[in-house]
Amino acid sequence: LILFKGEREQTLERLLKESRTAQSEGTKVGVLALDTDLLDFPEAVQVERLPDDAGLAGVSSALFASMRKLDAKGCEVILARDFGRTGLGEAVWDRLLRAAEGQVINVD
């Protein structure tokens, strides 16, 4: 997993760019994205949508299952963005950081 950190819009743009680059290089790419992160990912990119209608509680409850689904689909890399670190966001950040094994791209 590669975690992208920064302002939402810039981070989403960078995540989209990285997904296109990896996919064009033949890497099977998965993306964890909020329902409201409507981006035009390449068709071959596997996207697992995290529900954000319940806020970070919804993201938190779906996070591991979504990562497992992408892994089961054979994704060689999973891209995710920082969802903030206020309240429950700190726990979500910790889970993503552990999964990324420290691979964080600062977009700012």
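How each quantity is defined
- Residues numbered from 1 in each chain as written.
- Predicted model: local features only at pLDDT ≥ 70, side-chain atom pairs only at ≥ 80, totals over all residues.
- Heavy atoms only, no water.
- Helix = DSSP H or I, 4+ residues; strand = E, 2+ residues; numbered from the N terminus.
- Expected span 1.5 Å × (residues − 1).
- Buried < 20%, exposed > 50% of the residue type's maximum accessible area, 1.4 Å probe, protein only.
- Arc of directions from axis to C-beta.
- Contact = heavy atoms within 4.5 Å.
- Salt bridge = Lys/Arg side-chain N within 4 Å of Asp/Glu carboxyl O.
- Polar contact = N/O pair within 3.5 Å; in protein donor to acceptor, adjacent residues only side chain to side chain.
- Phe/Tyr/Trp six-rings, centres within 6.5 Å; stacked < 30°, edge-to-face > 60°.
- Lys NZ or Arg CZ within 6 Å of the ring centre and 35° of its normal.

K.L.:
Please set out helix α1 (residues 8-24) residue by residue, giving values where relevant.
P.N.:
Because an α-helix completes one turn every 3.6 residues, residues spaced three or four positions apart along the sequence face the same direction. Spanning 17 residues, α1 covers 24 Å between terminal C-alpha atoms, matching the ideal 24 Å at 1.5 Å per step. Thr11, Leu12, Leu15, Leu16, Ser19 and Ala22 are the residues of α1 that are buried. The buried residues of α1 all sit within an arc of 135° when viewed along its axis, so they share a single face. Of the exposed residues in α1, the ones pointing more than 90 degrees away from its buried face are Glu13, Lys17 and Ser24. Buried residues along α1 sit in contact with β1 (2-5), β2 (29-34) and β4 (77-81).

K.L.:
So what's going on with the pattern of salt bridges? Residues and values would help.
P.N.:
Tallied over the full model, the rule gives seven salt bridges. Here Asp37 makes a salt bridge to Arg8, at a shortest N to O gap of 2.8 Å. With a gap of 29 residues between them, Asp37 in the loop between β2 and β3 (46-50) and Arg8 in helix α1 connect regions that are remote in the sequence. With a relative accessible area of 1%, Asp37 lands in the buried category. We classify Arg8 as partly exposed; its relative accessible area is 31%. Across the pair Lys73 and Glu48 runs a salt bridge whose closest N-O atoms are separated by 3.3 Å. With a gap of 25 residues between them, Lys73 in the loop between α2 (56-72) and β4 and Glu48 in strand β3 connect regions that are remote in the sequence.

K.L.:
Tell me about the environment of Asp108, and please be specific about residues and values.
P.N.:
Residue position: Asp108 is located in the segment after β5 (104-106). Asp108 gets classed as exposed once you look at its relative accessible area, which sits at 66%. Residues Asp108 and Thr11, spaced 97 residues apart in sequence, show a C-alpha to C-alpha distance of 8.1 Å. Filtering out sequence-adjacent residues up to four positions away, Asp108 remains in contact with Lys5, Gly6, Glu7 and Gln10. Looking at Asp108, its side chain comes within polar contact range of the main-chain nitrogen of Glu7, at 3.3 Å.

K.L.:
Let's hear about the side chain of Ser66: which residues, and what values?
P.N.:
If you trace the backbone, Ser66 turns up in helix α2. Within polar-contact distance, the side chain of Ser66 engages the backbone oxygen of Ala62 at 2.9 Å. When near neighbours in sequence (up to four residues on either side) are disregarded, Ser66 contacts Leu32, Glu48 and Leu50.

K.L.:
Would you mind going over the packing of aromatic side chains in detail, with residue names and values included?
P.N.:
Evaluation of the coordinates by the stated rule reveals zero aromatic pairs. A cation sits over an aromatic face here: Arg85 above Trp93, 3.9 Å from the ring centre.

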